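# Summary of structural features
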Amino acid sequence: MDDSVKARRSDRTTRQAAIWATVVAVPLTALIAVVAFSRLNPAEPAAPSTSATPRPQSTSPVSMAAPPLDERAATVCRALLSRLPAQLRDLPQRTVTGGHEQNAAYGDPAITMACGIPLPSFPPTDIVYPLDRVCWHAGDRPDATVWTTVDREVPVQVTVPKTYDEPGQWVIPFSAPVIAAVPSAKTIPTGCGG
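Given the structure is predicted, the values throughout are model-derived calculations rather than measurements.

## Regarding the overall build of the protein chain
Secondary structure summary: the protein chain contains three helices and eight strands in total. Each helix and strand of the protein chain, placed in order from N terminus to C terminus, yields the pattern α-α-β-β-β-β-β-β-β-β-α. Counting the 194 residues in the protein chain, one finds 32% classified as buried. Relative to all contacts within the protein chain whose residues are 6 or more apart in sequence, the contacts with residues 24 or more apart total 58%. Accessible surface, the protein chain: about 12,100 Å² in total, of which carbon and sulfur atoms supply 60%.

Put into structure tokens, the structure is as follows:
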């Protein structure tokens with residue numbers, strides 16, 4: 001075999017190796033770039049649905065009832081309020097008109113949280129939602145979805161106005177403070193996982 005034939009075969013082998021290296025390297029590089037970009041720029045949680053132009057947020061106190069609590073419920077509710085965040089996503093906490101040691105509100109329209117409310121009655125066939133280790137029952141009103149804990153010694157209620165998308169996602173940030181401050185109930189509904 002002369003040297004020119006050997007050179008052409010060697011050149012062909014080198015080109016084929018280069019093509020295979022490119023076929024493997026380009027998709028792998030693209031995958032690494034996508035993973036790196038997603039780590040550097042994580043997806044933001046869903047924001048409340050609002051119009052394109054931001055409207056002024058009210059800072060006036062939110063009107064909330066303050067039913068009397070027994071001593072145990074009052075202690076649990078104070079512990080819960082002390083663990084709540086200063087803001088819920090991008091919604092700042094607002095003052096409330098009543099029950100400063102049992103109620104909280106965020107944003108405008110206000111997402112409200114009330115501690116020590118009566119446990120709702122609902123059919124045993126209703127769905128309950130274990131959201132971040134707390135079991136919630138969702139009730140529907142024309143203007144809001146009302147979420148109430150059903151696995152806690154002292155019930156907690158979060159009301160999410162219909163203007164916010166995915167109401168269950170707005171309830172999840174309350175689960176960790178509820179777990180930290182409100183003991184589990186002795187009996188819980190089927191579907192709560194316990």
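## Here's the deal with the pairing of strand β8 (residues 156-161)
Within β8, five of the six residues are buried, which leaves it mostly tucked inside the rest of the structure. Pairing between strand β4 (residues 111-115) and β8: four bridges, direction antiparallel. Bridge pairing in β8 links C115 to V156. Alignment of strand β7 (residues 144-149) against β8, held across five bridges, turns out to be antiparallel. Counted as the bridge partner of T145 is V160 from β8.

## A short note on helix α3 (residues 167-181)
Relative to the 21 Å expected for 15 residues at 1.5 Å per residue, α3 spans 23 Å between its end C-alpha atoms, a close match to the ideal helical length. At F174, α3 shows its maximal kink, close to 35 degrees; a proline, P177, follows between one and four residues later.

## Some words on unusual backbone geometry
The step from D108 to P109 runs through a cis peptide bond, and the omega angle for that step is 0 degrees. Even without glycine at this site, R89 takes up a positive phi of about 55 degrees. Mapped onto the elements of the fold, R89 is located in the loop between β1 (87-88) and β2 (91-94). Within the chain, E166 stands out as a residue other than glycine whose phi angle is a positive 45 degrees. Structurally, E166 is set in the loop between β8 and α3.

## What to know about the pattern of salt bridges
Within the structure shown, the criterion is met by six salt bridges. For K162, the salt bridge is made with D140, and the minimal N-O distance between the two is 2.4 Å. Highlighted residues: K162 in the loop between β8 and α3 and D140 in strand β6 (residues 134-140), separated in sequence by 22 residues. Among the salt bridges present, the one from D143 reaches R141, with a minimum N-O distance of 3.1 Å. The class for D143 is partly exposed, based on a relative accessible area of 46%.

Conventions we followed
- Residues numbered from 1 in each chain as written.
- Predicted model: local features only at pLDDT ≥ 70, side-chain atom pairs only at ≥ 80, totals over all residues.
- Heavy atoms only, no water.
- Helix = DSSP H or I, 4+ residues; strand = E, 2+ residues; numbered from the N terminus.
- Buried < 20%, exposed > 50% of the residue type's maximum accessible area, 1.4 Å probe, protein only.
- Contact = heavy atoms within 4.5 Å.
- Areas by Shrake-Rupley, 256 points an atom, 1.4 Å probe, with all protein chains shown as cover.
- Pairing = 2+ DSSP bridges.
- Expected span 1.5 Å × (residues − 1).
- Bend = angle between axes of the 7 residues up to and from the residue.
- Salt bridge = Lys/Arg side-chain N within 4 Å of Asp/Glu carboxyl O.

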